[in-house]
Amino acid sequence: TVLVPVDFPQAALGGDIEVRRELRGGYMLAAQYGYLYTRYDRTPDGAPDRRSPFAPRHFGSARAIVPIDAIGARLAMRVTLEAPRRISPTEQAATKTAAIADVVFSGRIRDRHVRYSFGAYNLFDYRYALPVGDTFATPALPQFGRTFMAQIDVEVP
């Protein structure tokens, strides 16, 4: 394994674009796309090419918020897509493409000082890993599968 120093010269070119529309009544729709092209200025010793590891070339998401006026709540949904990332500067191995869906239901109990949110992250239990370099014993750490979250905040006046 070849460790590439932090100050090893690299170049990056990229950008993001987002289209977002907030509608009357609290509705919101958004889509985002990003592109990132990263390379070492020269090929590191032992590396098969100049591509930088850890950075996805493409990434994006689609998001929506739908109000539920009858109970003063909102339903938020997000789907995130991420292209593969190289795991190491010395190997061609890469992570898988990841598509992750999240959904959160949140609101406030009217005339009370209580806020709540309940969510499911990685809703479809997609199994993927993200590269971590030589910091850990494994080159890529598995991410959580489906995860549930509940939060209740009580404000004391």
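Residue indices begin from 1 for each chain and proceed along its sequence in written order. Where local features are concerned, this predicted model is filtered to residues with pLDDT of at least 70; where side-chain atom pairs are given and counted, the filter is 80 or more; whole-chain, interface and lining totals use all residues. Calculated side-chain values reflect all of the structure's heavy atoms, with hydrogen atoms and water omitted.

Peer 1: What is the right way to look at the overall build of the protein chain in this model?
Peer 2: Each helix is a run of DSSP H or I of at least 4 residues and each strand a run of E of at least 2, with the numbering of both proceeding from the N terminus. The helix and strand inventory of the protein chain stands at zero helices and nine strands. Burial status follows relative accessibility: with a 1.4 Å probe on protein chains alone, a residue under 20% of its type maximum counts as buried, one over 50% as exposed, and anything between as partly exposed. Counting over 157 residues, the protein chain shows a buried share of 28%. Residue contacts follow a heavy-atom distance rule, with two residues in contact if any of their heavy atoms lie within 4.5 Å. Considering only residue pairs separated by 6 or more positions, the protein chain has 51% of its internal contacts joining residues 24 or more positions apart. We get accessible surface area from the Shrake-Rupley algorithm with a probe of 1.4 Å; when it comes to residues, only the shown protein chains can shield them. Of the roughly 10,400 Å² that the protein chain leaves accessible, carbon and sulfur atoms contribute 59%.

Peer 1: Would you mind going over the packing of aromatic side chains with me for this structure?
Peer 2: What characterises a pair of aromatic rings is the spacing of the ring centres plus the angle enclosed by the ring planes. Classification of ring pairs uses Phe, Tyr and Trp, with its six-membered ring standing for Trp, and accepts pairs whose centres are within 6.5 Å; under 30 degrees between planes counts as stacked, over 60 as edge-to-face, and the remaining range as tilted. Applying the stated criterion to the full structure yields three aromatic pairs. Centroid distance Phe105 to Tyr116: 6.0 Å. Interplanar angle 35°. Geometry classified as tilted. Placement of Phe105 in strand β5 (residues 98–109) and of Tyr116 in strand β6 (residues 114–121) is noted, with a sequence separation of 11 residues between them. Aromatic rings pair up to connect Phe105, Tyr116 and Phe118 into one cluster. The ring of Tyr126 carries Lys96 above its face, with NZ or CZ at 5.4 Å from the centroid. Put simply, a charge is over a ring when the Lys NZ or the Arg CZ is close to the ring centre, within 6 Å, and near the line of the ring normal, within 35 degrees.

Peer 1: Help me understand the environment of Tyr126 in this model?
Peer 2: Mapped onto the secondary structure, Tyr126 falls in the loop between β6 and β7 (129–131). Relative accessible area serves as the criterion here: at 25%, Tyr126 is assigned to the partly exposed category. Taking the C-alpha atoms as reference, Tyr126 lies 7.6 Å from Ala98; in sequence the two are 28 residues apart. Among residues more than four places away in sequence, those in contact with Tyr126 are Lys96, Thr97, Ala98, Ala99 and Ile100.

Peer 1: How do you make sense of the pattern of salt bridges when you look at a structure like this?
Peer 2: Charged atoms that come close allow side chains of opposite charge to pair. Any carboxyl oxygen of Asp or Glu that lies within 4 Å of a side-chain nitrogen of Lys or Arg is treated as forming a salt bridge with it. Counted by the stated rule, this structure contains seven salt bridges. Residue Arg20 pairs with Glu22 through a salt bridge whose shortest N-O separation is 3.1 Å. Asp102 is the partner of Arg78 in a salt bridge, and the nearest nitrogen-oxygen pair spans 2.5 Å. Remark: Asp102 occurs in strand β5 and Arg78 occurs in strand β4 (residues 73–82); sequence separation between them is 24 residues.

Peer 1: Would you take a moment to explain the sheet that holds β4 for this structure?
Peer 2: Sheets are built from strands that pair by backbone hydrogen bonding, the pairs being arranged parallel or antiparallel. Note: two strands are recorded as paired if DSSP finds a minimum of 2 bridges between them. One open sheet accounts for seven strands, arranged β1-β2-β3-β4-β5-β6-β9; its pairing is antiparallel. The strands lining the two open edges of the sheet, one partner per strand, are β1 (10–22) and β9 (147–154). For this sheet, the mean angle separating the axes of adjacent strands, direction not counted, is 10°. With 10 bridges connecting them, strand β3 (residues 58–68) and β4 associate as antiparallel partners. When the bridges of β4 are listed, Gly60 appears paired with Leu81. In this analysis an axis means a line fitted to C-alpha atoms, helices contributing only their contacting stretch, and an angle means the value between N-to-C directions, from 0 to 180 degrees.

Peer 1: Even after reading the chapter, I still don't get unusual backbone geometry, so can you show me in this structure?
Peer 2: Most of the time, phi is negative for any residue but glycine, and the peptide bond is trans. At Asn122, a residue that is not glycine, the phi angle is positive and equals roughly 55°. The topology assignment puts Asn122 in the loop between β6 and β7. When its relative accessible area of 4% is taken as the criterion, Asn122 is described as buried. A positive phi angle, close to 55°, is found at Asp125, a residue other than glycine. Here Asp125 is to be found in the loop between β6 and β7.

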